[in-house]
Amino acid sequence: MSSQICRSASRAARSLLSSTSKTSRFCSEGRAAAAAAAVSLSGKLPLLASAYGRTGSSNVARQWISGALAIPAGVYMLQEQEAHAAELERTFIAIKPDGVQRGLISEIISRFERKGFKLVAIKITVPSKDFAQKHYHDLKTRPFFDGLCDFLSSGPVIAMVWEGEGVIKYGRKLIGATDPQKSEPGTIRG
């Protein structure tokens, strides 16, 4: 429920901040944000609403009180998100068919989570050979290219996007060197 409030307030704040029109637009947007927050908070504000209005006008009071709280909070949260996002990195991590077959999905995910990184996207897919060739296009001249593409398209792949400060460096360290023979013990490839 609080995420709904955050999204509503954030959308209203973006709309208000990017708006170039006059006060009438500000008021209508403010009422829309207030209504969205009031719906999200239904049952949470009756005491506040009754303090500012009688029984017949408690809905109006609830909307305006919610709006007065939601819009500044939305602007603040939007600024916080943008500032925080500037510090964060994102990286793509794939658990290839052999890792899926060996049952390493939960171990890999839990290692990233224990470090405090956030999983922002995950997808299970079986890549086609054509997709594998596009994915590894930079290795096209290498002698192992065809085998690598066959391997990637041989079964399910867990594709993930992880977010956090230092996630790129940590991800490389956790996974280990490309050549499993050269990977340190404790790494996924090692």
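Notes on the structure in this doc start here. (Residues numbered from 1 in each chain as written. Predicted model: local features only at pLDDT ≥ 70, side-chain atom pairs only at ≥ 80, totals over all residues. Heavy atoms only, no water.)

A few points about the overall build of the protein
Alright, step 1. Broken down by element type, the protein carries nine helices and three strands.
Alright, step 2. The secondary structure elements of the protein, listed N-terminal to C-terminal, are α-α-α-α-β-α-α-β-α-α-β-α.
Alright, step 3. Evaluated residue by residue, the protein yields a buried proportion of 35% over its 190 residues.
Alright, step 4. Taking the contacts inside the protein whose residues are at least 6 apart along the sequence as the reference set, 73% of them involve residues at least 24 apart.
Alright, step 5. Carbon and sulfur atoms form 55% of the exposed surface of the protein, whose accessible area is close to 12,500 Å². (Helix = DSSP H or I, 4+ residues; strand = E, 2+ residues; numbered from the N terminus. Buried < 20%, exposed > 50% of the residue type's maximum accessible area, 1.4 Å probe, protein only. Contact = heavy atoms within 4.5 Å. Areas by Shrake-Rupley, 256 points an atom, 1.4 Å probe, with all protein chains shown as cover.)

Thoughts on the side chain of E163
Alright, step 1. As for its position among the elements, E163 is in strand β3 (residues 157-164).
Alright, step 2. The exposure class assigned to E163 is buried, which follows from its relative accessible area of 14%.
Alright, step 3. Among the polar contacts made by the side chain of E163, one reaches the side chain of R90 at a distance of 2.9 Å.
Alright, step 4. The residues contacting E163, other than those within four sequence positions of it, are L88, E89, R90, F117, K118 and V120. (Polar contact = N/O pair within 3.5 Å; in protein donor to acceptor, adjacent residues only side chain to side chain.)

Observations regarding helix α6 (residues 105-114)
Alright, step 1. Within α6, burial applies to I108, I109, S110, R111 and F112.
Alright, step 2. Next to the buried residues of α6 lie β1 (89-95), β2 (118-125), β3 and α9 (167-175).
Alright, step 3. With its phi angle positive at about 90°, G116 sits one or two positions after the end of α6.

Notes on the layout of surface pockets
Alright, step 1. A volume near 1,300 Å³ is recorded for the largest pocket.
Alright, step 2. Around the largest pocket, the lining comprises 36 residues; the ones closest to its centre are A94, K96, Y136, I175 and R189.
Alright, step 3. Of all elements in the fold, only β1, α5 (97-101), β2, α7 (129-135), α8 (145-152), β3 and α9 reach the threshold of two or more residues within the lining of the largest pocket.
Alright, step 4. Split by residue class, the lining of the largest pocket holds 21 nonpolar, seven polar and eight charged. (1 Å grid on protein atoms, 1.4 Å probe; cavity = no way out; pocket = protein on both sides within 12 Å on 5 of 7 lines; lining within 4 Å. Points joined across faces, edges and corners; volume = space filled by probe spheres on them. Nonpolar A, V, L, I, M, F, W, Y, C, P; charged D, E, K, R; others polar.)

Observations concerning the packing of aromatic side chains
Alright, step 1. Under the counting rule described, the total for this entry stands at four aromatic pairs.
Alright, step 2. Taking 6.3 Å as the distance between ring centres and 55° as the angle between the ring planes, the aromatic pair formed by F112 and F117 counts as tilted. Comparing F112 with F117, the two get one shared label, buried.
Alright, step 3. Between F117 and Y170 the ring centres are 5.4 Å apart and the planes differ by 40°, which places this aromatic pair in the tilted class. Placement of the pair is F117 in the loop between α6 and β2 and Y170 in helix α9, with a sequence separation of 53 residues. (Phe/Tyr/Trp six-rings, centres within 6.5 Å; stacked < 30°, edge-to-face > 60°.)

Topic: the environment of G99
Alright, step 1. With respect to the secondary-structure elements, G99 resides in helix α5.
Alright, step 2. Measuring from C-alpha to C-alpha, the distance between G99 and V157 comes to 8.5 Å, with 58 residues separating the pair along the chain.
Alright, step 3. Discounting chain neighbours no more than four positions away, the residues touching G99 are L104 and I105.

Overview of the environment of V120
Alright, step 1. For V120, the position within the fold is in strand β2.
Alright, step 2. Accessibility expressed as a relative area gives 30% for V120, which makes it partly exposed.
Alright, step 3. In sequence terms V120 and W162 are 42 residues apart; their C-alpha atoms lie 5.8 Å from each other.
Alright, step 4. Setting aside chain neighbours within four positions, we find V120 in contact with R90, V161 and E163.

Overview of the pattern of salt bridges
Alright, step 1. All told, the structure shown has five salt bridges when counted by the stated rule.
Alright, step 2. Its salt-bridge partner being D150, residue K129 comes within 2.4 Å of it at the nearest N-O pair. Note that K129 is positioned in helix α7 and D150 in helix α8, a separation of 21 residues in sequence.
Alright, step 3. Note on D150: relative accessible area 38%, which makes it partly exposed.
Alright, step 4. D130 is the partner of K134 in a salt bridge, and the nearest nitrogen-oxygen pair spans 3.4 Å. Separated by four residues within a single helix, K134 and D130 lie in helix α7, roughly one turn from each other.
Alright, step 5. Residue classification places K134 among the exposed positions, given a relative accessible area of 56%.
Alright, step 6. Three or more residues joined by partner-sharing salt bridges are found here, namely E107, R111 and R114. (Salt bridge = Lys/Arg side-chain N within 4 Å of Asp/Glu carboxyl O.)

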